[in-house]
Amino acid sequence: MKSTTTLVIIFFNLLCSIGWSQTVLEGKVTDAETGDPIPFASVYFLGTTIGVATDFDGFYKIEGDAETDTLVVSYIGYETKKKLYQKGIAQVIDFQLKPEATSLGDFVVTAGKVENPAWEIIRQVIDNKGNNDKRRLEAYEYDSYNKIEIDIDNISERLKQKKFMQKITAVLDSIEIIAGEDGKPILPLFISESLSTFYYRSDPRLSKEHVQRTKITGVGIEDGSLISQVVGSSFQQYNFYQNRMNIVEREFASPISDGWRLLYDYELEDSVYLGDEFCYLINFKPKNDQELAFLGNMWIAKEGYALKQIDATVQRTANLNFIEKIKIQQELERVNNEAWLPVKTRVLVDVAEITNKSAGFLAKFYTSNKNLQVTEPRDLKFFERAIELAEDARIADEQFWEDSRHDKLTPTEVNVISMIDTLKNIPIVKTWTTLAKTFARGYVEVGQLDLGPWPFLVGNNDVEGFRLRVGGRTNENFSRKWQFNGYVAYGFDDEQFKYGVGTKMIADRDHWTVLDAQYRKDVDQYGIQPDALTDIESGSAFLALTQLGNLVRPFRYEGYQFGAFRQFSRAFSAGIRLKYTEYHPEFPFRYRTELNRPDSPLGSDYATSEVTLRLKYARDEAFIINDNNRISLGTLRWPTFLVSVTRGFKGVAGGDFDYTRVNLGVSQRLKLGFWGISTYQVNAGHTFEDLPYTMLNAHIGNEQFVYTNIAFNTMNFFEFVSQSYASLRYQHQFEGFILNRVPLIRKLKWRLVGTGNVLFGGVSQSTLDVQALQDESGNPLPQFDVLENGRPFAEVGVGVENIFKFFRVDYIRRLTYLDKPGVNNSAIKLSFNLSL
């Protein structure tokens, strides 16, 4: 009897446990196209209010019972999805949501006398920005883990039929599992991880990242030293408290910018708890769908009205090239009851196919920050190098990464690494990556040598005829301290060889210190030599074109020079250069061998011996090192100041003249938010002594069809020469500010540009008096024109860029010196610019 009773009790308890067992559902919600997690999505039982939101990594866990047997996942910008579940048991249910277009009409905008309830919350956010923005902190630091993945997506069947794609079919057949059952196949190209410590101080505003470890796997990447410097936290700073955020080199308006009412519409969606924080959930969208602005949701903490979480997407309709979507998801945390710092950030950039025969790209960035600390400001010297790569940064085994990652790699990411290793060893992939690197770098890498640059391989002009040139340089595989370079060229009309050799020693990579020596014998022309203030890189294509066709006042030269350069601090650098050059003009030119004697014998060839000191101050300029070269990333906010002083010596090493030349310059790029971007450059210079006109400042003109910002585009070559000068170059890029508001044209995504150049200059009468006007036989010699005192050369222009996404056309009008023979008072110039 007792045993029967026991059995009945056990059976009854079993029935109760089955009848009253709780349903436990958990899983992950991801993007069906990219495989990325979807944070903040709503997961709930159909027809009920029972539900949860996914965390930052897309995971959810929901417990409880409901009358329904259907689980629903929804999120703005994605199709809602439903799945059946079994009651009374624990189970894993994953969701993959397909993106859908979100129209501006999906939001309700409050009108009339009733004020939108979201507005008061946004006002409080704006009023409290000074308390919550991390930039208010005197100093802070944190440990950062960064992960970047780049994939090819939207691989069409047409592209798969290409011969080179067929050779990697075996790989393509397996990539369906990367994006998942509902996703599109992708082909991984690159994945990186980095661990670093990020430091910041506010006065002066400086930051530094010490990259401790990096792990890079990518197609066509062999060394990774350059990439190791750009995969860290420094390039993943997204602060929505700024009025404008720089993403892919464009300025985007924040939904909590000071001009929020002009740019955005808002809707108060809900109020929820995120952990212990009571938050307002607000939807936002841009008023103009072509503005560089965001569509999405943000969670505002009631206490202090701080941004707690945000999910922001840039729409395809925005005035961007090649971009299907940009999505930024960020979670922030209050530190020491002060400002809020980001603890997790995820960014997706979806690049569209350029043509229907090509594929698109996906770039995915993930940042996790830990050990956030508000600290005392570190010494200024600590910030001298904005990015510092540890010597052993690329040396770490897999166990180290297993122990040190903030988050474990997903099975998909492990698969990505395996696929990249396979792709790198396919011969056709090796060939294409070699060609791509050659095109981008201008050199062909052959072991320890870089052969090139290939754009200068062939040329043609009226002095040399057809010109063939071969050259090269050693690379980092040869030495990280020494670099040797050289070239040989031959002209088939003048039947002469030209050549040059050089060497460079990198004495210090921390405080970039370089010593160099060069020897050259070649052909050039007066009037296109950049001075010490000119940014040669920005005008390299134009300068190369000037070497083709008819050379204006050409000359042959032979010379050598020695230079030294050092970056003394983050802001200040200095260089000194000793230079000796012999000039042999190839056009009718004479000068008095004794300048102040009218009866002095005439000369044609001459030599200069000079020393130049160049000083530069750029407060927030940042650099990265690529092999044995340093690359400037430009400045963020502050102007750049340049000073150049040159002293020439007569009788020293064969120099024929004594002279002193001074040049001053200041330039800056101003981000004006809603209004666009302005760039200005102010230069001035003076040569103190009387000299032959070939040694004065010949302002660079432009008779080519291309536009350049280093020349006066309606000025002829060698049209004006100055002993003293002052110039202003100004350009304003309106972005989409004007044309985005013009019906029909707005669909073209054109962008308006305005330019203006002004030049004051002159030559003293004493310098004019020492010029030789006739040769020995009394034949008149070519002379030069001088700007009139107080009357500048001026030109203005208007242009349209982003034509067919690649081209820019400028119309430039000359405003002064219109009656000169042989000049064009207006010009149309074309330039090529690949921008987003």
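Residues numbered from 1 in each chain as written. Predicted model: local features only at pLDDT ≥ 70, side-chain atom pairs only at ≥ 80, totals over all residues. Heavy atoms only, no water.

Within the structure shown, the criterion is met by 50 salt bridges. Ionic pairing is found between Glu141 and Arg378, a salt bridge with its closest N-O pair at 3.3 Å. Residue Glu141 is located in strand β9 (residues 139-153), and its partner Arg378 is located in the loop between β20 (360-374) and β21 (387-389); the two are separated by 237 residues in the primary sequence. In this structure Glu141 comes out as buried when scored by relative accessible area, which is 13%. For Arg378, a relative accessible area of 33% corresponds to the partly exposed category. (Salt bridge = Lys/Arg side-chain N within 4 Å of Asp/Glu carboxyl O. Helix = DSSP H or I, 4+ residues; strand = E, 2+ residues; numbered from the N terminus. Buried < 20%, exposed > 50% of the residue type's maximum accessible area, 1.4 Å probe, protein only.)

We now examine the pairing of strand β19 (residues 340-351). In terms of burial, β19 is largely enclosed, as 11 of its 12 residues are buried. Here strand β18 (residues 323-334) runs beside β19; their pairing, made up of 11 bridges, is antiparallel. By the bridge assignment for β19, Ile323 is matched with Val351. The turn joining β18 and β19, which pair antiparallel and follow one another in sequence, is formed by five residues; a positive phi near 55 degrees is taken by Asn336. Direction of pairing for β19 relative to β20: antiparallel, over a ladder of eight bridges. Among the inter-strand pairings, Val349 is bridged to a residue of β20, identified as Ala363. (Pairing = 2+ DSSP bridges.)

Here we have four strands laid out as an open sheet, ordered β3-β2-β5-β6, and antiparallel in their pairing. Looking at the sheet topology across the chains shown, the edges are occupied by β3 (51-53) and β6 (81-84). Strand-to-strand twist in this sheet, taken as the mean axis angle between neighbours without regard to direction, amounts to 15 degrees. Pairing of strand β2 (residues 42-45) with β3, which is carried by three bridges, proceeds in the antiparallel orientation. Its bridge partner being in β3, Val43 is matched across the sheet by Val52. (Axes fitted to C-alpha atoms, helices over the stretch in contact; angles between N-to-C directions.)

With that settled, the discussion passes to empty space enclosed by the protein. In total, this model carries nine cavities of 30 Å³ or more according to the counting rule given. Of the pockets and cavities examined, the largest cavity occupies roughly 220 Å³. Lining the largest cavity are 18 residues, and of these Glu384, Arg385, Asp510, Phe623 and Arg630 sit closest to its centre. With three residues, the top contributor of residues to the lining of the largest cavity is strand β34 (residues 623-626). Computed from the structure, the second largest cavity encloses a volume of approximately 160 Å³. (1 Å grid on protein atoms, 1.4 Å probe; cavity = no way out; pocket = protein on both sides within 12 Å on 5 of 7 lines; lining within 4 Å. Points joined across faces, edges and corners; volume = space filled by probe spheres on them.)

Looking now at the packing of aromatic side chains. In this description, a pair of aromatic rings is defined by centroid distance and the angle of the planes. Taken as a whole and assessed by the stated rule, the structure comprises 47 aromatic pairs. With a centroid separation of 6.4 Å and an interplanar angle of 15 degrees, the aromatic rings of Tyr280 and Tyr305 are classed as stacked. Here Tyr305 lies in the loop between β16 (295-301) and β17 (306-314) and Tyr280 lies in strand β15 (residues 277-286), a separation of 25 residues in the sequence. With a centroid separation of 5.6 Å and 45 degrees between ring planes, the pair formed by Phe466 and Phe492 is classed as tilted. Remark: Phe492 occurs in the loop between β26 (482-491) and β27 (496-508) and Phe466 occurs in strand β25 (residues 465-474); sequence separation between them is 26 residues. Residue Phe466 is classed as partly exposed on the basis of its relative accessible area, which comes to 39%. Here the aromatic cluster, defined as three or more aromatic residues joined through ring pairs, consists of Tyr526, Phe555, Tyr557, Tyr583, Phe587, Phe589, Tyr591, Tyr606, Phe657, Tyr693, Phe718 and Phe784. (Phe/Tyr/Trp six-rings, centres within 6.5 Å; stacked < 30°, edge-to-face > 60°.)

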